[in-house]
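Observations on chain architecture
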Amino acid sequence: YKLRVFELPSGSRAGRGKPFNNLLPLEPGEKVNAVLPIESFEDGKHIFMATKRGTVKKTELSAFANVRANGIIAVDLRVDDALVDVALTSGNDDIILISDAGRAMRFNESAVRVMGRGATGVRGMRLIKTFAAGEEEGEDSGAELVEEVEETADAAGEGSAENVETARVIALIVPQGEKPGDILTVSEYGYGKRTPVQDFPRKGRGGQGVIGQSLNDKTGRLVGAIVVDDSHEIMLISESGILIRTRAAEVRVAGRNTQGVRVMRPVDGDRLVGLDRIESEDGEAAPEGAAPEV
């Protein structure tokens with residue numbers, strides 16, 4: 001879908017806003033997963049997409065210059081798949097996919113060919129069934145790789161994975177600049193950490209990736225991953241609607257194969273469901289959040 005900025009309602013910071021159903025002809029059960037600000041549909045730019053099943057797809061930005069009022073198909077999804085996020089890329093950017101099982105897969109987007117709008121895509125990450133743990137650098141001997149999802153966009157329609165309980169992709173990250181910052185990951189029971197982007201090795205597309213955060217029953221699965229530096233603040237939201245805002249600098253920098261520190265302590269029966277980055281305003285002090293503890 002496409003909207004001009006002046007068509008969006010303006011309001012105060014505390015305002016509720018307007019339901020997107022009143023702005024776009026969304027189908028029943030459809031929801032907005034990503035918003036991209038586009039100034040011009042220039043050549044050489046791409047829209048890169050990732051789905052929860054690990055499928056990725058790259059399409060020329062110019063292919064979306066003319067969008068009908070009722071929308072157009074951007075990617076052909078299987079019935080058991082869903083779009084996770086989209087990003088603008090230059091054609092030679094690195095892509096990092098992160099799954100809720102704690103794995104991270106980094107590859108260059110040149111490994112993905114340019115496809116038309118309605119194409120399905122190709123495998124970007126091979127998903128596993130359990131938490132990753134005990135990895136030695138360069139091998140997966142300590143990880144519990146119980147059952148892989150073999151059928152992805154590379155073999156769409158052959159078999160079914162509907163009854164296979166697997167991990168799912170939760171984040172698409174495109175590092176920018178010579179110093180892209182740290183990847184901050186947070187788990188559902190409130191454990192998080194920052195790891196420098198350069199600690200994530202580049203590999204070939206379609207692999208299992210490496211451990212991005214060590215997870216177990218105490219931490220729960222990952223719920224979010226974003227790029228931050230010391231100037232940013234982060235917002236955490238729990239399933240019951242509790243919000244915590246804190247400085248990214250308060251979250252400890254640690255290696256990939258570590259559990260992290262407590263950044264939020266959900267009450268019994270609650271869990272984290274969302275994570276977002278806030279650009280700090282000059283001169284504004286961040287509200288006190290939950291101080292991380294070891």
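Before reading on, note that the structure itself is shown above.
Nothing here was measured: the structure is a model prediction, and the numbers come from that model.

The helix and strand inventory of the protein chain stands at 0 helices and 15 strands. Considering the protein chain as a whole, with its 294 residues, one finds that 45% of them fall into the buried category. Considering only residue pairs separated by 6 or more positions, the protein chain has 74% of its internal contacts joining residues 24 or more positions apart. With an accessible surface of roughly 15500 Å², the protein chain has 46% of that area assigned to carbon and sulfur atoms.

Another point: the pattern of salt bridges. Oppositely charged side chains may form a pair once their charged atoms are brought near each other. Evaluated as defined, the whole model comprises 13 salt bridges. With a closest N to O distance of 3.6 Å, Glu109 and Lys58 form a salt bridge. In this pair, Glu109 is assigned in the loop between β5 (103-108) and β6 (122-123) and Lys58 in strand β2 (residues 55-60), connecting sequence segments 51 residues apart. Given a relative accessible area of 4%, Lys58 falls into the buried group.

Moving on to the side chain of Lys57. Mapped onto the secondary structure, Lys57 falls in strand β2. It is Asp76 that comes nearest to the buried, bridge-free Lys57 among opposite-charge side chains, at 9.8 Å. Of note is the side chain of Lys57, whose polar atom sits 2.6 Å from the side chain of Thr59. Within the structure, Lys57 has its side chain in polar contact with the backbone oxygen of Gly116 (distance 2.9 Å). Dropping the residues within four chain positions of it, Lys57 is found in contact with Ile47, Phe48, Met49, Ala74, Val75, Met115, Gly116, Arg117, Ala119, Thr120 and Gly121.

It is worth spelling out empty space enclosed by the protein at this point. In this approach the atoms are scanned with a rolling probe the size of a water molecule, which exposes any empty space left behind. This model, assessed by the stated rule, comprises 2 cavities of 30 Å³ or more. If you add up the space inside the second largest cavity, you get close to 30 Å³. What lines the second largest cavity is simply Ala104, Met105, Arg106, Phe200, Pro201, Lys203, Gly209 and Val210. Residue contributions to the lining of the second largest cavity peak at 3 residues, all from β5. Here the lining of the second largest cavity is built from residues that sort into 5 nonpolar, 1 polar and 2 charged.

Nonpolar side chains collect at one region of the surface, where Leu3, Val5, Leu8, Phe20, Val32 and Val35 lie side by side and expose about 510 Å² of accessible area between them. Residue placement: Val5 occurs in the segment before β1 (46-51). The class for Val5 is exposed, based on a relative accessible area of 69%.

Right, let's get into the sheet that holds strand β10 (residues 210-211). One open sheet accounts for 4 strands, arranged β7-β4-β5-β10; its pairing is antiparallel. Edge strands, defined here as strands with exactly one partner in the open sheet, are β7 (169-173) and β10. Bridging between strand β4 (residues 94-99) and β7 involves 4 bridges; their strand directions are antiparallel. Bridge pairing links Leu97 to Leu172 in β7.

All right, on to the sheet that holds strand β15 (residues 272-279) then. Strand order in the open sheet formed by 3 strands is β13-β12-β15, and the pairing between neighbours is antiparallel. Two strands lie at the open edges of the sheet, namely β13 (243-247) and β15, each paired on one side alone. For this sheet, the mean inter-axis angle between neighbouring strands, taken without regard to orientation, is 20°. Sheet topology places strand β12 (residues 232-238) next to β15; 7 bridges connect them, and they run antiparallel. Within β15, the residue paired with Ile237 across the bridge is Gly274.

Okay, the nonpolar core next. Within the largest apolar cluster, 16 residues are counted, with the highest numbers of intra-cluster contacts made by Phe48, Val56, Ile95, Leu97, Phe107, Val112 and Leu172. Of all elements in the fold, only β1, β4, β5 and β7 reach the threshold of two or more residues within this core. Setting aside residues no more than four positions away along its own chain, Phe48 makes contact with Val56, Lys57, Lys58, Asp85, Val86, Ala87, Thr89, Ile95, Phe107, Glu109, Val112 and Leu172. Ranked by size, the runner-up nonpolar core spans 14 residues in total, among them Ile226, Ile244, Val263 and Met264.

Rules and cut-offs
- Residues numbered from 1 in each chain as written.
- Predicted model: local features only at pLDDT ≥ 70, side-chain atom pairs only at ≥ 80, totals over all residues.
- Heavy atoms only, no water.
- Helix = DSSP H or I, 4+ residues; strand = E, 2+ residues; numbered from the N terminus.
- Buried < 20%, exposed > 50% of the residue type's maximum accessible area, 1.4 Å probe, protein only.
- Contact = heavy atoms within 4.5 Å.
- Areas by Shrake-Rupley, 256 points an atom, 1.4 Å probe, with all protein chains shown as cover.
- Salt bridge = Lys/Arg side-chain N within 4 Å of Asp/Glu carboxyl O.
- Lys, Arg positive; Asp, Glu negative; His and termini not counted.
- Polar contact = N/O pair within 3.5 Å; in protein donor to acceptor, adjacent residues only side chain to side chain.
- 1 Å grid on protein atoms, 1.4 Å probe; cavity = no way out; pocket = protein on both sides within 12 Å on 5 of 7 lines; lining within 4 Å.
- Points joined across faces, edges and corners; volume = space filled by probe spheres on them.
- Nonpolar A, V, L, I, M, F, W, Y, C, P; charged D, E, K, R; others polar.
- Patch = residues over 30% accessible without salt bridge, like charges linked within 9 Å, V, L, I, M, F, W, Y side chains within 5 Å.
- Pairing = 2+ DSSP bridges.
- Axes fitted to C-alpha atoms, helices over the stretch in contact; angles between N-to-C directions.
- Core = buried A, V, L, I, M, F, W, Y, C linked by side-chain atoms within 4.5 Å.

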